[in-house]
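# Structural features, examined
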Amino acid sequence: MSEKKKCGRFRLCLKWGFRIFLLIVLILAGILGYFFREGIYKRYFLFPKQAKAWAQFKAERVEPGIATGWHEYRGMLHSHSELSHDSAAAFPEIVAALKKIDVDFICMTDHYEKGLADYSLGWNGMHGGILFIRGYELDHGLMPWGIPEGTVFAAFDEPRALAKRIRELGAVLFYSHTEKDRMWDLPELEGMEIYNIHTDYLEEPKGIIQKMLPQLLLTVKPYPQQSLRIIFDPPAGQLARWDDLNRTRHITGIAANDTHQNVGVRAIYTPNDTVILKGTGEKHKIIKEFKLNFLTRALLKLCCGPLTPDQEFWRFELDAYHVSGHHVNTHVLAKDLTEESILDALRAGRAFVAFTAIADATGFITYIEGDQGKVVMGESIAYQPGMQLVAAAPNQCRFLLLNHGKEIARAEGARCTFDIPGPGKYRIEAHLNILGEWTPWIYANPIEVTETAPEPPALPAPAEEETEATAADAVATDDAA
């Protein structure tokens, strides 16, 4: 065979080899593109548009500046720490996270430790400018705050007897995970979760996180808040239950962050020249351990920087404390930033739930003004003909007025006024228009409009005053004699 023919065949093989390689690359790219299609769409198209819309809300916000006589504080309720078996979040780490998102207070709800809820453990009071209120998530959904330090509850405590004890201790009692069956007739109950991040996740189809993993790999780091909101659905069931209960009693509605910081994986370099993988909520359990060699060690240093023994060098998580803590908040109107005042506001219902990641709701207010003065959510006022409810927010939105859960009016703007047709409980929802879709932003606690004004305090009976005066005269007469 001549050299010319050999060269021709070599070129032909090279040509077809390149074509086959290119075809394989295109097939693999097509497979990866299909596999990551939703993540690519959200990472490079949807989430940037959402982020721009959220930034626009921030740029346009103007607080209503309506005086109520109260101070407004923003908090996280239902949160876990390293005291819980399924969280590794240390208290100093929690403070650092909350400072990032300007949270004023946090109501903890740790799990039992060996069947006991010990109210001498964990932080309470002011730490780093943030008010910590100690608490536990007890069995049967009981979630009390304001329990005296040193109190210990047991997992086997009978729930109704426990609720009575909680009331005797002067604490407030709320229900957690209200998607579950609860003792709704419990007389000591004062509030409930109307939204819970964990519940929102549980209501998704089974295995949704695993199915969403390809898109989360592309979106969590650049767009953590939008990634967490993938699971969001309006809490229709919880709202319906809340409205139904409020027909016959007072139940405050709150948001539950249910923060554990345990949905993710972290890598730690060990003194034994190995890398261990742990869940972000695991304190001790190891998922996998890898022995390093010259090549893998060099690659890790190139990608992650210097490796320090017993130090975490990589983390992937969906529910970082500052992310879930910024997703939704409960705002309260209170006298001051103390445990007593915050719990008093929660008990009264001077509170509203807001999805902060979309837009800061600070300054939102709903009130009714009458002969008795101005009352806000959680308070009551006697009905008068021509009475109106005012709703004001820091952004243009759509206000919905609901009476016992039924929508009776709606209006758009930053401040709207609604006629009150008669006695009942009236609450406001505010929705924001995001890319042409109305999205729930605020759920406010109701204002009660009663049939008649509360009776004034009873004055002393005239007969008693006369009796006292007569007795005094008799004493004076005796002295004169």
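Attention here is on the structure that accompanies the text. None of the values given here were measured: they were computed from a predicted structure. Every residue gets a number counted from 1 within its own chain, in the order that chain's sequence is written. pLDDT decides what is reported in this predicted model: residues at 70 or higher carry local features, side-chain atom pairs at 80 or more are listed and counted, and totals for whole chains, interfaces and linings draw on all residues regardless. No hydrogens and no water enter the side-chain calculation; it runs on all heavy atoms of the structure.

Our next topic: the overall build of the protein chain. Within the protein chain one finds 12 helices and 24 strands. The dimensions of the protein chain, computed from C-alpha atoms along their principal axes, are 150 × 55 × 35 Å. Whether a residue is buried, partly exposed or exposed follows from its accessible area with a 1.4 Å probe, protein chains only, as a fraction of its type maximum: under 20%, in between, or over 50%, in that order. Considering the protein chain as a whole, with its 481 residues, one finds that 47% of them fall into the buried category. Here a residue-residue contact requires only that any non-hydrogen atoms of the pair lie within 4.5 Å. In the protein chain, the share of contacts with a sequence separation of at least 24, taken over all contacts with a separation of at least 6, comes to 69%. In the form shown here, the protein chain has an accessible surface area of approximately 24,500 Å², with 58% of it arising from carbon and sulfur atoms. His residues and chain termini do not enter the charge count, which takes Lys and Arg as positive and Asp and Glu as negative. The atoms used to mark charge sites are NZ of Lys, CZ of Arg, CG of Asp and CD of Glu. When the 51 basic and 62 acidic side-chain charges of the protein chain are each reduced to a single mean position, those positions are 21 Å apart. The helix count covers DSSP runs of H or I at least four residues long, the strand count covers runs of E at least two residues long, and both are numbered beginning at the N terminus. All accessible-area figures derive from a Shrake-Rupley calculation using a 1.4 Å probe, and residue coverage is judged against the displayed protein chains alone.

To continue, consider the side chain of serine 84. Considering the arrangement of structural elements, one finds serine 84 in the loop between β1 (71-79) and α3 (91-100). Whenever two N or O atoms come within 3.5 Å, that pair is a polar contact, provided that in protein one can donate a hydrogen and the other can accept it, and provided that, for residues adjacent in sequence, both atoms are side-chain atoms. Reaching out from serine 84, the side chain makes a polar contact with the side chain of aspartate 110 at a distance of 2.6 Å. Side-chain polar atoms of serine 84 contact the backbone nitrogen of histidine 111, separated by 3.0 Å. Apart from residues lying up to four places away in sequence, serine 84 is in contact with Asp110, His111 and Lys283.

What follows deals with the sheet that holds strand β6 (residues 142-145). Each strand in a sheet pairs with its neighbour through backbone hydrogen bonds, running either in the same direction (parallel) or in the opposite one (antiparallel). Two strands form a pair only when DSSP identifies at least two bridges running between them. Pairing within the open sheet is mixed, and its 4 strands lie in the order β6-β8-β9-β10. Lying at the two open borders of the sheet, with one neighbouring strand each, are β6 and β10 (252-256). Neighbour-to-neighbour, the strand axes of the sheet open up by a mean angle of 35°, direction not taken into account. Axis lines are fitted to C-alpha atoms, over the contacting stretch for helices. Their N-to-C directions set the angle, which ranges from 0 to 180 degrees. Each of β9 (191-196) and β10 touches helix α8 (residues 236-245); the most contacted strand, β9, lies at about 160° to it.

With that settled, the discussion passes to the state of the cysteines. By disulfide we mean two sulfur atoms from cysteines, separated by a distance within 2.5 Å. Using the criterion set out here, one finds 0 disulfides in the structure. Not engaged in a disulfide, the cysteine cysteine 397 finds its nearest cysteine sulfur in cysteine 416; these two sulfurs lie 7.0 Å apart. For cysteine 397, a relative accessible area of 3% puts it in the buried group.

So, on to the packing of aromatic side chains. For Phe, Tyr and Trp, rings pair up if their centres lie within 6.5 Å, where Trp contributes its six-membered ring, and each pair is then called stacked (planes under 30 degrees apart), edge-to-face (over 60) or tilted (otherwise). Under the criterion given, the structure shown has 14 aromatic pairs. Look at tyrosine 119 and phenylalanine 153: their rings are 5.5 Å apart centre to centre, the planes differ by 75°, and that puts the pair in the edge-to-face class. Highlighted residues: tyrosine 119 in the loop between β3 (116-118) and β4 (125-127) and phenylalanine 153 in strand β7 (residues 152-154), separated in sequence by 34 residues. In this structure, tyrosine 119 and phenylalanine 153 share a single accessibility class: buried.

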